[in-house]
Amino acid sequence: MEQLIKCLPDHTSYRISGNGKPVVFLHGFGEDGNIWQNQVNELSKQFLCIVPDLPGIGISEPAFSALADHSLEAMAAVIKKIADQEVLQKFTLLGHSMGGYITLAFAEKYPDLLNGFGLIHSSAFADNEEKISTRERSIAFIRANGAVKFLEQMIPGLYGEKFRAEHYNQVIEHLASSLCFDAEVLIAFYEMMIRRPDRTKLLAGFQKPILFIMGTEDKAVNLSDSLAQCHLPVESHIEILESSGHMGMIENSERTTIAMKKFLMHLNEN
Ligand code: MLT
């Protein structure tokens, strides 16, 4: 698969591959765009796949200081700039977890640019008090111990127990790719997530199809929260990955790819 790397004037960079109707993939917290590699390898045979690293991460590290403010909405505005640069009239946005929160912020501001979107292990609910205190403890831990010690603890916990035991090399590969992340960027991401509003009304009012992919063993966005939002949209497409944790793109890569492909084909038929 041939992949080009392109860049915005603010240094946000994205990988672009394939041909066809455009799809933009947004990674989550503690990862970069390479997390979608299995999906992009397959989907780029049929779709134009655009995969940014969010400002502050990986090849977009220098773009963090150019953000208008530290918010998920500012991240969504960066995605709009990518869409403008690529002259996308209509596209599909698929976001993993924090990438899903940015997807929702984008859908709120630019609904007409989307033909549908996907929340992959993500949720439209705001953080509850318990989640906020967990994030505050994580921020304190990063300040006291640094990003590497934090990521070493956090990343293995994103995976389901069975997958972690049987495929530890893949967990380590993910961890290794994240060890250069800057502590201040991770803290800023947590603060953005704490501040995000509830967007369940947006889900209910959005007039185009929405894909939900969830894992029964997901501890970061648990199954009951994921399920509690699925009835809201006018058209939901739901994939439940048994025994998967928070990382279905890796833990159950084939089923995740197939669910995305079916959803994209459906969107582009209509
Ligand atoms: C993510 O994977 O992006 C985070 O786990 C999201 C979250 O903590 O809510």
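Structure: above.
Everything numeric here is computed off the predicted structure, so don't read it as measured data.

Visitor: Looking at this structure, how should I read helix α7 (residues 168-178)?
Guide: Counting along an α-helix, one turn takes 3.6 residues, and residues three or four places apart therefore face a common direction. Looking at α7, one finds that the buried residues are V171, H174, L175 and S178. Looking straight down α7, one finds its buried side chains confined to an arc of 100°; they lie on one side. More than 90 degrees from the buried face of α7, the exposed residues found are N169 and E173. Here the buried face of α7 lies against α5 (147-154) and α6 (161-166).

Visitor: For this particular structure, what's the right way to read the site of the ligand?
Guide: For the ligand, the full set of nearby residues is G28, F29, S97, M98, Y101, K131, R135, M193, A220 and H246. The separation between an oxygen atom of the ligand and a polar main-chain atom of F29 is 2.8 Å. The separation between an oxygen atom of the ligand and a polar side-chain atom of R135 is 2.7 Å. Relative to its unbound accessible area of 270 Å², the ligand is 95% covered by the protein chains. Because more than half of its atoms lie within 2 Å of the grid, the ligand is assigned to the largest pocket.

Visitor: What is the right way to read the pattern of salt bridges from this model?
Guide: Between side chains of opposite charge, a pair can form as their charged atoms come close. Per the counting criterion, the structure on display carries twelve salt bridges. We note a salt bridge from E108 to R199, for which the minimum N-O separation is 3.2 Å. In this pair, E108 sits in helix α3 (residues 98-109) while R199 sits in the loop between α8 (183-195) and α9 (200-205), placing the two residues 91 residues apart along the sequence. A residue is classified by how much of its surface remains accessible, and R199, at 4% relative accessible area, is buried. A salt bridge links R196 to D127; the shortest N-O distance between them is 2.7 Å. Here the residue R196 occupies a position in the loop between α8 and α9, and D127 occupies one in the loop between β6 (114-120) and α4 (129-145), the gap between them amounting to 69 residues. As far as burial versus exposure is concerned, R196 and D127 are alike and both buried.

Visitor: Mind showing me how you'd approach the layout of surface pockets here?
Guide: For the largest pocket, the calculated volume is near 750 Å³. Of all the elements in the fold, those that place two or more residues in the lining of the largest pocket are α3, α4, α5 and α8. The element that contributes the greatest number of residues to the lining of the largest pocket is α4, accounting for five residues. Of the residues in the lining of the largest pocket, the class split is twelve nonpolar, ten polar and seven charged. Approximately 250 Å³ is the volume attributed to the second largest pocket. Along the walls of the second largest pocket sit E31, D32, N34, I35, Q37, N38, Q170, E173, H174, S177 and I250, which together make up its complete lining. Sort the elements by how many residues they give to the lining of the second largest pocket and α7 lands first, with four residues. Of the residues assigned to the lining of the second largest pocket, the class counts are two nonpolar, six polar and three charged.

Visitor: Please clarify how a negative patch on the surface should be interpreted in this entry.
Guide: Among the surface-exposed residues, E61, D182, E184 and E191 lie close enough to one another that they form a single negatively charged patch. Counting through the fold element by element, E184 comes out in helix α8.

Visitor: What is the right way to look at the packing of α4 against α8 in this model?
Guide: Two measures define how a pair of helices packs: the angle their axes make with one another and the distance between the axes. Between α4 and α8, the shortest axis-to-axis distance is 10 Å and the interhelical angle comes to 165°. Classed by the angle they form, the pair α4 and α8 counts as roughly antiparallel. The two elements α4 and α8 cross, and the hand of that crossing is left-handed. Two secondary-structure elements touch here, α4 through I132, R135, E136, S138, I139, I142 and R143 and α8 through A183, L186, I187, Y190, E191, M193 and I194. Considered class by class, the residues forming the contact of α4 with α8 number nine nonpolar, one polar and four charged.

Visitor: Where do I start with the packing of aromatic side chains in this structure?
Guide: Here the distance between the centres and the angle between the planes together describe a pair of aromatic rings. Taken as a whole and assessed by the stated rule, the structure comprises eleven aromatic pairs. Aromatic pair F106 and Y110: ring centres 4.8 Å apart, planes at 50°, arrangement tilted. For Y110, a relative accessible area of 18% puts it in the buried group. Centre to centre, the rings of F150 and Y190 are 6.0 Å apart; their planes meet at 80°, and the pair counts as edge-to-face. Taken together, the residues span a long stretch of sequence, with F150 in helix α5 and Y190 in helix α8 at a distance of 40 residues. An aromatic cluster of three or more residues is present, and its members are F29, F64, F141, F150, F189 and Y190. If you follow R196 out to its NZ or CZ, it ends over the ring of Y101, 3.7 Å from the centre.

Conventions adopted
- Every chain is numbered on its own, with residues counted from 1 as its sequence reads.
- Only residues with pLDDT of at least 70 get local features here, since the model is predicted, and only at 80 or more are side-chain atom pairs given and counted; chain-wide, interface and lining totals rely on the full set of residues.
- Only hydrogens and water are set aside when side-chain values are computed; all heavy atoms of the structure are taken into account.
- Only protein chains enter the calculation, and the probe is 1.4 Å; a residue is then buried if its accessible area is under 20% of its type maximum, exposed if over 50%, and partly exposed in between.
- Runs of E in the DSSP output that reach at least two residues are strands. Runs of H or I that reach at least four are helices, and both are numbered from the N terminus.
- The arc refers to the directions leading from the helix axis to the C-beta atoms.
- We call two residues contacting when some pair of their heavy atoms lies within 4.5 Å.
- Whether a residue is near a molecule or strand depends on its heavy atoms: if one lies within 4 Å, it is near.
- For the purposes of these results, a polar contact is taken to be a pair of N or O atoms within 3.5 Å, where, inside protein, one atom must be able to donate a hydrogen and its partner to accept one; residues adjacent in sequence count only when each atom of the pair is a side-chain atom.
- Where accessible areas are quoted, they stem from the Shrake-Rupley method and a 1.4 Å probe; at the residue level, only the protein chains shown are allowed to cover.
- Any residue with an atom within 4 Å of a point lines the site, the site being either a cavity, points on a 1 Å grid over the protein atoms alone where a 1.4 Å probe fits but cannot get out, or a pocket, an open set with protein on both sides within 12 Å along at least 5 of 7 lines.
- Molecule-in-pocket calls rest on the fraction of atoms, with more than half required to lie within 2 Å of the cavity or pocket grid points.
- A pairing counts as a salt bridge when a side-chain nitrogen of Lys or Arg comes within 4 Å of a carboxyl oxygen of Asp or Glu.
- Grid points are joined across faces, edges and corners, and a volume is the space filled by probe spheres set on the points.
- Note that Gly is not counted as nonpolar here; it falls among the polar residues with everything else outside the nonpolar set of Ala, Val, Leu, Ile, Met, Phe, Trp, Tyr, Cys and Pro and the charged set of Asp, Glu, Lys and Arg.
- The residues that make up patches have over 30% relative accessible area and no salt bridge, and they are joined within 9 Å when like-charged or within 5 Å when they are Val, Leu, Ile, Met, Phe, Trp or Tyr.
- We score Asp and Glu as negative and Lys and Arg as positive, and we do not count His or the chain ends.
- Charge positions are represented by NZ for Lys, CZ for Arg, CG for Asp and CD for Glu.
- Interaxial angles span 0 to 180 degrees and are taken between N-to-C directions of axes, which are lines fitted to C-alpha atoms, for helices over the stretch in contact.
- Here is the rule for angles: anything less than 35 degrees is roughly parallel, anything more than 145 is roughly antiparallel, 65 through 115 is roughly perpendicular, and the remaining ranges are oblique.
- When the near helix sits turned anticlockwise from the far one by under a right angle, the crossing is termed left-handed; a clockwise turn instead gives a right-handed crossing.
- Classification of ring pairs uses Phe, Tyr and Trp, with its six-membered ring standing for Trp, and accepts pairs whose centres are within 6.5 Å; under 30 degrees between planes counts as stacked, over 60 as edge-to-face, and the remaining range as tilted.
- Two thresholds decide whether a charge sits over a ring: the Lys NZ or Arg CZ must be within 6 Å of the ring centre and within 35 degrees of the ring normal.

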